[in-house]
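Listed here are the chains, written in short residue letters.
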Amino acid sequence: MPLIPKSHPRAESLLIRERLIDGFDNGLVAKEGLLAQGRGEAFDYLLGEKTGRAAKQAIKAAAAHLIQAQKPVISVNGNTAALCPKQIVRLADQTKAKLEVNLFYANESRKKAIVRTLKKNGAKEIFGTNPKYLAKLERIDSKRRIVDRDGIYAADVVVVPLEDGDRTMALRSARKIVIAFDLNPLSRTSQTADITIVDNVTRAVDLLIIECKRLAKANPDRLERIISSFNNKDNLSENVTQIKNNLTRRAGIA
Ligand code: ATP
């Protein structure tokens, strides 16, 4: 990985890009994953490359859901495994969530590379790898309809960092609570999920872990209040406003 000086004004974003490229070189990330990253980068730039107020509210609501969940599952794809494997394993430990490898562009060697990476970062059990235990989600025709019958299929809350819209819709139809990380507040995933954290997954997962720790002992009424006071559509609008304000400021037309 080329050295990126910390003083570079966009050091964090360049580092994220390098992690993705390394992930591609190491067989974790699909070509399409690089393109998805490009779209994400553009939105991150427009959002000011920092976690905004709306994202913090979504993180709090997501934490409340995860603490209340009976069978939470975190779905891991190549981009997530390349960008923040350690944090994803920590989030699973903190919330007692299962980890499931689920790929849009299914490929056995990539799946193995993702499993290896997660294990290297402390994961003990990973779902979605045993063909004997697979089940099918309805209303979706890509290979991503295949899920682990003891993982996503049985889950009540599913965390989907960087998901595509069709699967988010299929998960919602299967009555799962869906928590997405997506930098694009306009994507179908963002619009369909119960909670969309509009932030870079590399920043937001750490904040979600902290929030889960903070709320771990909260009583169920408090968690319920946090959940019921959150409205995903309003939250997405606030993110769009944040983009508008940033654009206006940067273009010097405030
Ligand atoms: P949809 O089907 O939901 O409309 P899409 O087809 O626009 O999505 P995809 O290419 O399937 O997009 O998925 C990539 C999504 O992930 C994009 O919305 C992009 O903004 C987002 N994304 C990419 N990198 C990151 C990241 N590091 N953190 C958070 N979101 C990201």
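Refer to the structure presented above.
Residue positions are counted from 1 within each chain, in the order its sequence is given. Only residues with pLDDT of 70 or above have their local features reported here, since the model is predicted, and side-chain atom pairs are shown and tallied only from 80 upward, although totals for entire chains, interfaces and linings are computed over all residues. Only hydrogens and water are set aside; all other atoms, that is, all heavy atoms of the structure, feed into the side-chain values.

Observations concerning the overall build of the chain
Across its full length, the chain holds eleven helices and eight strands. For the chain, the C-alpha radius of gyration of 18 Å lies close to 18 Å, the compact-globule estimate for 254 residues. Here the C-alpha coordinates of the chain stretch approximately 60 × 50 × 35 Å along the principal axes. We call two residues contacting when some pair of their heavy atoms lies within 4.5 Å. Across the chain, contacts joining residues at least 24 apart in sequence account for 65% of those joining residues at least 6 apart. Only the protein chains shown count as cover for residues, with accessible areas throughout obtained via the Shrake-Rupley method and a probe of 1.4 Å. Total accessible area on the chain stands at roughly 13,000 Å², and carbon and sulfur atoms take up 51% of it. By the counting rule applied here, Lys and Arg register as positive and Asp and Glu as negative, while His and the ends of each chain are not counted. By convention, the charge on Lys lies at NZ, on Arg at CZ, on Asp at CG and on Glu at CD. When the 44 positive and 29 negative side-chain charges of the chain are each reduced to one mean point, those points stand 2 Å apart. Where helices and strands are cited, they refer to DSSP runs of H or I of at least four residues and of E of at least two residues respectively, numbered from the N terminus. Based on C-alpha atoms, the radius of gyration is set beside the globule rule, defined as 2.2 Å times the residue count to the power 0.38.

Some words on the pattern of salt bridges
Here, a salt bridge means any Lys or Arg side-chain nitrogen found within 4 Å of an Asp or Glu carboxyl oxygen. Inspection of every chain in the model, using the stated rule, returns nine salt bridges. Here Asp-150 and Arg-149 are joined by a salt bridge, their closest N and O atoms 3.8 Å apart. The partly exposed category is assigned to Asp-150, whose relative accessible area is 35%. One salt bridge connects Arg-172 with Asp-194, and the closest N-O pair in it is separated by 3.2 Å. Taken as a pair, Arg-172 in helix H7 (residues 165-173) and Asp-194 in the loop between helix H8 (188-192) and strand E8 (195-197) lie far apart in primary sequence, 22 residues in all. When a residue's accessible area, from a 1.4 Å probe over protein chains only, is under 20% of the maximum for its type it is buried; when over 50% it is exposed; and in between it is partly exposed.

Here's the deal with the nonpolar core
For our purposes a nonpolar core is just a set of buried Ala, Val, Leu, Ile, Met, Phe, Trp, Tyr and Cys residues, chained together by side-chain atoms within 4.5 Å. Core analysis: the biggest nonpolar cluster contains 50 residues, and Ile-74, Ile-197 and Leu-208 have the highest contact counts within it. Apart from the residues lying within four places of it in its own chain, the contact partners of Leu-208 are Ile-59, Ala-62, Ala-63, Leu-66, Leu-91 and Phe-181. Formed by 13 residues, the second largest nonpolar core is a distinct cluster that contains Val-147, Ile-152, Val-178 and Ala-180.

Remarks on the site of the ligand
Residues in close proximity to the ligand total 17 residues, the closest being Gly-165, Asp-182, Arg-188, Thr-189 and Asn-200. Interatomic distance of 2.8 Å between a side-chain N/O atom of Arg-188 and an oxygen atom of the ligand. In isolation the ligand exposes 630 Å². Once the protein is present, 87% of that is buried. The set of elements that each furnish at least two residues to the shell around the ligand consists of helix H2 (31-46) and H8. Only a single heavy atom is needed: when it lies within 4 Å of a molecule or strand, its residue is near that molecule or strand. Nitrogen and oxygen atoms within 3.5 Å of one another constitute a polar contact, given that in protein one can donate a hydrogen and the other can accept it, and given that sequence-neighbouring residues count only through two side-chain atoms.

A closer look at helix H10 (residues 220-228)
Taken as a whole, H10 has its buried residues at Leu-223, Ile-226 and Ile-227. Within H10, the buried residues cover an arc of 100 degrees as seen down the axis, which keeps them to one side. Among the exposed residues of H10, those oriented more than 90 degrees off its buried face are Asp-221, Arg-225 and Ser-228. On its buried face, H10 is in contact with helix H3 (53-68) and helix H9 (201-215). Each direction from the helix axis to a C-beta atom contributes to the arc, which is the arc of those directions.

Some thoughts on the packing of H3 against H10
Orientation of H3 relative to H10, taken along the N-to-C sense of each, is 135 degrees, at an axis distance of 9 Å. Here H10 runs oblique to H3, going by the angle between their axes. Crossing geometry of H3 relative to H10 is assigned as left-handed. Counting all contacts with H3, which are made through Lys-60, Ala-61, Ala-64, His-65, Ile-67 and Gln-68, the residues of H10 involved are Pro-220, Leu-223, Glu-224, Ile-226 and Ile-227. Under the convention adopted here, Pro, Cys and the residues Ala, Val, Leu, Ile, Met, Phe, Trp and Tyr are nonpolar, Asp, Glu, Lys and Arg are charged, and Gly plus all remaining residues are polar. Residues of the contact of H3 with H10, tallied by class, amount to seven nonpolar, two polar and two charged. In this analysis an axis means a line fitted to C-alpha atoms, helices contributing only their contacting stretch, and an angle means the value between N-to-C directions, from 0 to 180 degrees. Should an angle fall under 35 degrees it is called roughly parallel, over 145 degrees roughly antiparallel, and 65 to 115 degrees roughly perpendicular, with every other angle called oblique. Crossing handedness follows the turn of the near helix against the far one: under a right angle anticlockwise gives a left-handed crossing, and clockwise gives a right-handed one.

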